[in-house]
Amino acid sequence: MVTAIQPIADPAPVTTTTRSRSPGTPHACAALLRRDLVLAWRRRGELFLPLLYAVIVTALFPFALGPDPQLLGRIAGGVLLVIVVLAMLPALESMFRADLEDGTLEQWLLAPQPLALLALTRVIAHWLTTVLPLLVVMPLLGALLNLSVKVLPVLMLALLLATPLLALLGAVLSALAAGARRSGILLALMLLPLAVPVVIFAAGAIAAAQSGMPYLAPLTWLAAALVMAIVLAPLACAAALRIAVEA
Amino acid sequence: MSRSYIPHWMHWLGSPPNFYRFAGAWRPWLMAAAVLTAAIGLYGGLVLAPPDYQQGDAYRIIFIHVPSAWMSLFIYIGMAIAGLIAMVWRVKLAEVIAMECAPVGAAFTFITLVTGSLWGKPMWGTWWTWDARLTSELVLLFLYLGVIGLYNAFEDRRRGARAASLLALVGIVNLPIVHYSVQWWNTLHQGSTVDFLDPARSSISPSMLWPLLVMALATHLYFFASILGRTRAGLLALEGGKQWVREIVAEQRA
């Protein structure tokens, strides 16, 4: 690795601490997280866009299928799951693009901190800013679709496990597509095969809860997949970022 | 002095001009062998093999369908291995081979899906069902299409090849997960899944088995012949303007 390069974080105040010239990895990740959150807050109007998208699509379903509460209640879990996946897509595309264009990613590559951990930090920031608002309105959307109150906690739990997983997988694809001319629908095509198991297990838990059966097994599968993705996805993401940056 | 563990012929073959000539010499023979074995296999399967006691003659699509299904997986593994070599050692030839595998693999996957649905209509009474095997084959097709799409989205071929190779590797991790999750999902929803007549598991008569194996050999031979030809074209496109390409063009003009 390259050494003694200007770190991406603000240089540590040398006078007050005995820290070495480059800040430690936790410090750099914290700084990166803070930067991403501040940037998101400065453009907080954009935070509501995926949320608005989810509300609008949810409202379309009763029009398309008819307002039968029983029917809506039966499909609500799966519908909300798919809506969350779709609402995550547009934001995924821009996860690394701006940083690639303004040269920040090159600094990431040169930084002494492991690239995979910086990428993981970015995924966390992304999840906090684009997915968390979606989860907050989930109870409301569930109520619109007549989702049973018993099922709602299972849906939330499934989404809490499934959305970080999707964000991690999406980060790899977003990094891969960052160097391409336009991704758009390509990202959806690449995400679909990776999203299939996630959707299946999350839907399995919801379906089991709806029919009053034990729903823990699919959730444990999701948790296991999430643990695996936390380990592997940042590494793949780092490899993809290297390809995106090197001309 | 560090010793290389890679045999000399690999270094020799890894060079684009050498591979170009090597592939040009082997491709016609492989293609001829593929046509010959396909003819034998099809004759054995469509004429010599007896009709199935349950399915009659309709089962004969198996001689196209099952070898294609085997190839769809085999080519994906080959693509991922070539992609790994391209990612780690940046061998130009491996990049080209990995990317030329993708359309062939996608074609075999598509043939598998189409013949399966043609077979499914008279046997199950439906063109498509969300059965575990069908669904994972469909996901495999999307994986291939994603690799092709990503490769074509880059202006720089070599960068595109490396990015798409990484996607192929991610896909190979995902493939068993999809396979098992889809099986699981089906058993959750439907009491009994549709039983696919798997010739490898179900006892199959030898008179039906040998044409199937010959057809499998034919598809492999065809794949290798096709990859050699496609890689030749890919190398010419990638290396266009280099000295060895000029020499070849000059040779052919003369």
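Residues numbered from 1 in each chain as written. Chains lettered and ligands numbered in written order. Predicted model: local features only at pLDDT ≥ 70, side-chain atom pairs only at ≥ 80, totals over all residues. Heavy atoms only, no water.

Participant: Please clarify how the pattern of salt bridges should be interpreted in this entry.
Facilitator: All names here are of chain A. Throughout the structure, instances matching the rule amount to 12 salt bridges over all chains. One salt bridge in this structure joins Arg-35 and Asp-36, with 3.0 Å as the shortest N-O distance. Taking the relative accessible area as the measure of exposure, Arg-35 reaches 32% and is therefore partly exposed. Residue Asp-36 is joined to Arg-122 by a salt bridge in which the shortest nitrogen-to-oxygen separation is 2.7 Å. (Salt bridge = Lys/Arg side-chain N within 4 Å of Asp/Glu carboxyl O. Buried < 20%, exposed > 50% of the residue type's maximum accessible area, 1.4 Å probe, protein only.)

Participant: Sorry, what's going on with the environment of Tyr20(B) here?
Facilitator: Residues and elements named next belong to chain B. Of note, Tyr-20 is situated in helix H2 (residues 16-48). Tyr-20 gets classed as buried once you look at its relative accessible area, which sits at 8%. Between the alpha carbons of Tyr-20 and Thr-112 there is a distance of 31 Å; along the sequence they are 92 residues apart. Setting aside residues no more than four positions away along its own chain, Tyr-20 makes contact with Arg-232, Leu-235, Leu-236, Trp-244 and Ile-248. (Helix = DSSP H or I, 4+ residues; strand = E, 2+ residues; numbered from the N terminus. Contact = heavy atoms within 4.5 Å.)

Participant: What is the right way to look at the nonpolar core in this model?
Facilitator: Core analysis: the biggest nonpolar cluster contains 119 residues, and Phe96(A), Leu176(A) and Leu222(A) have the highest contact counts within it. Ranked by residue count, the leading element in this core is helix H7 (residues 151-178) of chain A, at 20 residues. With sequence-adjacent residues up to four places away left out, Phe96(A) is seen in contact with Leu105(A), Trp108(A), Arg122(A), Ala171(A), Ser174(A), Ala175(A), Ala178(A), Cys237(A) and Leu241(A). By size, the runner-up hydrophobic cluster in this structure holds 15 residues, among which are Tyr20(B), Ala225(B), Trp244(B) and Ile248(B). (Core = buried A, V, L, I, M, F, W, Y, C linked by side-chain atoms within 4.5 Å.)

Participant: What am I meant to see in empty space enclosed by the protein here?
Facilitator: Rolled over the atoms, a probe with the dimensions of a water molecule shows which regions are left empty. Tallied over the entire structure, the rule returns two cavities of 30 Å³ or more. Empty space within the largest cavity amounts to approximately 90 Å³. Lys92(B), Glu95(B), Val96(B), Met99(B), Glu100(B), Tyr151(B), Arg157(B), Arg158(B), Ala161(B), Gly234(B) and Leu238(B) together form the lining of the largest cavity. Going through the elements one at a time, helix H4 (92-124), helix H6 (157-189) and helix H7 (206-239) of chain B are the ones with two or more residues in the lining of the largest cavity. Counting residues per element, the lining of the largest cavity draws most heavily on H4(B), which supplies five residues. Here the residues of the lining of the largest cavity are counted per class, giving five nonpolar, one polar and five charged. Surrounding the second largest cavity, Leu81(A), Val84(A), Val85(A), Leu159(A), Ala162(A), Leu166(A), Val198(A) and Val199(A) form its lining. Looking at the lining of the second largest cavity, the elements that each hand over two or more residues are helix H3 (69-93), H7 and helix H8 (185-210) of chain A. (1 Å grid on protein atoms, 1.4 Å probe; cavity = no way out; pocket = protein on both sides within 12 Å on 5 of 7 lines; lining within 4 Å. Points joined across faces, edges and corners; volume = space filled by probe spheres on them. Nonpolar A, V, L, I, M, F, W, Y, C, P; charged D, E, K, R; others polar.)

Participant: Looking at this structure, I do not really get the confidence of the model for chain A. What am I missing?
Facilitator: Reading predicted coordinates in detail is not appropriate for stretches of low pLDDT. This prediction gives chain A a mean pLDDT of 87; 91% of its residues lie at or above 70. Across chain A, element-level confidence peaks in H7(A) with a mean pLDDT of 94 and bottoms out in helix H4 (residues 97-101) of chain A with 88. (pLDDT = per-residue confidence, 0-100.)

Participant: I keep staring at the interface of chain A and chain B and nothing clicks. Help me out?
Facilitator: Many authors give the size of an interface as the accessible area that is lost as the parts come together. In this assembly, 31 residues from chain A lie in contact with 30 residues from chain B. Summed over both partners, the interface of chain A with chain B comes to about 2,600 Å²; 77% of that surface belongs to carbon and sulfur atoms. Here chain A is connected to chain B by two salt bridges. With a shortest N-O distance of 3.7 Å, Glu246(A) and Arg162(B) are connected by a salt bridge. Taken together, the links from chain A to chain B amount to five residue pairs in polar contact (both at pLDDT 80 or more). Tallied by class, the residues present in the side of chain A that touches chain B amount to 26 nonpolar, two polar and three charged. (Buried area = accessible area lost by both parts, 1.4 Å probe. Polar contact = N/O pair within 3.5 Å; in protein donor to acceptor, adjacent residues only side chain to side chain.)

Participant: What should I look at first to understand the packing of aromatic side chains in this one?
Facilitator: Describing an aromatic ring pair means giving the distance of the ring centres and the angle of the ring planes. Scanning the entire structure with this criterion turns up 12 aromatic pairs over all chains. Measuring from centroid to centroid gives 6.1 Å for Phe22(B) and Trp26(B), while their planes differ by 40 degrees, and the two rings are tilted. Here Phe22(B) and its partner Trp26(B) are both found in helix H2, four residues apart, which amounts to about one turn of the helix. Judged by its relative accessible area of 29%, Phe22(B) is partly exposed. Overall, the relative accessible area of 45% leaves Trp26(B) in the partly exposed class. Look at Trp128(B) and Trp130(B): their rings are 5.4 Å apart centre to centre, the planes differ by 85 degrees, and that puts the pair in the edge-to-face class. Here Trp128(B) falls in the partly exposed class, since its relative accessible area comes to 28%. Trp130(B) gets classed as partly exposed once you look at its relative accessible area, which sits at 47%. One aromatic cluster is present, formed by Phe19(B), Phe22(B) and Trp26(B) through successive ring pairs. Positioned above the aromatic ring of Trp41(A) is the side chain of Arg44(A), whose terminal nitrogen or guanidinium carbon lies 4.6 Å from the ring centre. Here the basic side chain of Arg232(B) rests over the ring of Tyr20(B), its NZ or CZ set 4.1 Å away from the ring centre. (Phe/Tyr/Trp six-rings, centres within 6.5 Å; stacked < 30°, edge-to-face > 60°. Lys NZ or Arg CZ within 6 Å of the ring centre and 35° of its normal.)

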